[in-house]
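# Overview (structure and organization)
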Amino acid sequence: MEESTLTKEKRFNKIITVVSVIIPVVVALLFGVKIPNVAPLSFLPPIYATINGVTAVLLLVAVWAIKNGNESLHKKLMTTNIVLSLMFLVMYIAYHMTSDSTPFGGDGTIRYVYYFILITHIILSIALIPLVLRTYARAYLKDYVGHRALAKYTFPIWLYVAVTGVVVYIMIAPYYAH
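First, a word on scope: everything that follows refers to the structure included in this document. What you see is a predicted model; the values in this text were computed from it and never measured.

What follows deals with the overall build of the protein. Scanning the protein from N- to C-terminus turns up five helices and zero strands. Shown N-terminal to C-terminal, the secondary structure of the protein runs as helices and strands in the order α-α-α-α-α. A total of 178 residues make up the protein; the buried ones form 34% of that total. Within the protein, counting contacts between residues at least 6 apart in sequence, those at least 24 apart form 80% of the total. With an accessible surface of roughly 11,000 Å², the protein has 72% of that area assigned to carbon and sulfur atoms. Across the protein, the mean location of the 14 positive side-chain charges is 4 Å away from that of the 7 negative side-chain charges.

The next point concerns the environment of tyrosine 115. Its place among the elements puts tyrosine 115 in helix H4 (residues 109-140). Each C-alpha atom, one on tyrosine 115 and one on phenylalanine 104, is 8.8 Å from the other, the two residues being eleven residues apart in sequence.

What follows is about the side chain of threonine 98. Within the secondary structure, threonine 98 is located in helix H3 (residues 71-98). On the basis of relative accessibility, which here comes to 11%, the residue threonine 98 falls in the buried class. Polar contacts involving the side chain of threonine 98 include one to the main-chain carbonyl oxygen of alanine 94, which spans 3.1 Å. In terms of polar contacts, threonine 98 uses its side chain to reach the side chain of serine 99, at 3.5 Å. Excluding residues that lie within four positions of it along the chain, threonine 98 makes contacts with Ile35, Val38, Ala39, Pro40 and Leu41.

Because the α-helix completes a turn every 3.6 residues, residues three or four places apart line up on one side. If you check helix H2 (residues 44-67), its first and last C-alpha atoms are 35 Å apart, about what 24 residues at 1.5 Å a residue would give, namely 34 Å. Buried-residue contacts for H2 involve H3 and helix H5 (144-172). Backbone geometry just downstream of H2 places glycine 69 in the positive-phi region, at approximately 80°.

Pairs of aromatic rings are described using the distance from one ring centre to the other and the angle between the two planes. Under the criterion given, the structure shown has twelve aromatic pairs. Taking 6.4 Å as the distance between ring centres and 85° as the angle between the ring planes, the aromatic pair formed by phenylalanine 104 and tyrosine 115 counts as edge-to-face. Of this pair, phenylalanine 104 sits in the loop between H3 and H4 while tyrosine 115 sits in helix H4, and the two are eleven residues apart along the sequence. Under the relative-accessibility criterion, tyrosine 115 is labelled partly exposed at 30%. Ring geometry for tyrosine 169 versus tyrosine 176: centroids 6.1 Å apart, planes at 35°, classification tilted. Judged by its relative accessible area of 16%, tyrosine 176 falls in the buried class.

The rules behind the values
Residues numbered from 1 in each chain as written. Predicted model: local features only at pLDDT ≥ 70, side-chain atom pairs only at ≥ 80, totals over all residues. Heavy atoms only, no water. Helix = DSSP H or I, 4+ residues; strand = E, 2+ residues; numbered from the N terminus. Buried < 20%, exposed > 50% of the residue type's maximum accessible area, 1.4 Å probe, protein only. Contact = heavy atoms within 4.5 Å. Areas by Shrake-Rupley, 256 points an atom, 1.4 Å probe, with all protein chains shown as cover. Lys, Arg positive; Asp, Glu negative; His and termini not counted. Charge placed at Lys NZ, Arg CZ, Asp CG, Glu CD. Polar contact = N/O pair within 3.5 Å; in protein donor to acceptor, adjacent residues only side chain to side chain. Expected span 1.5 Å × (residues − 1). Phe/Tyr/Trp six-rings, centres within 6.5 Å; stacked < 30°, edge-to-face > 60°.

What follows is the structure in structure tokens.
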């Protein structure tokens, strides 16, 4: 007998909740860990900023695809975005485990703008984990009504996080140690 969709969704939600707590906690813990005797991976920030930019573009193309009835392309693009997000996370952690954090050097109003963007980017990126996973799980379970309802919130937040990731990089890049 096949397991009911509701039972599968409950199981997914438990896993998603655990993952959504573990990822930010592990990232925060690893942020304070420095690997000794390793050269800084200073080449990574422009790469993971580019990944954020590609993610933003692919999110827009994925919405265009689904609005034009191309479910297959939409699914491939959204899966690609999840993979890109995981790649970003691994590179981000690797960079911070080998490099000191770069302080923002701007003064005045731009400093407040930078920190506003950075803080909202971080907070929303944490909130995004369960949103993306639950949205994806609903599509996987073929609950397309639930998927669309959740995607209305997930999409703009994910797009904001992807775009602000690029903006944060552009704003902090002049202050990286070379």
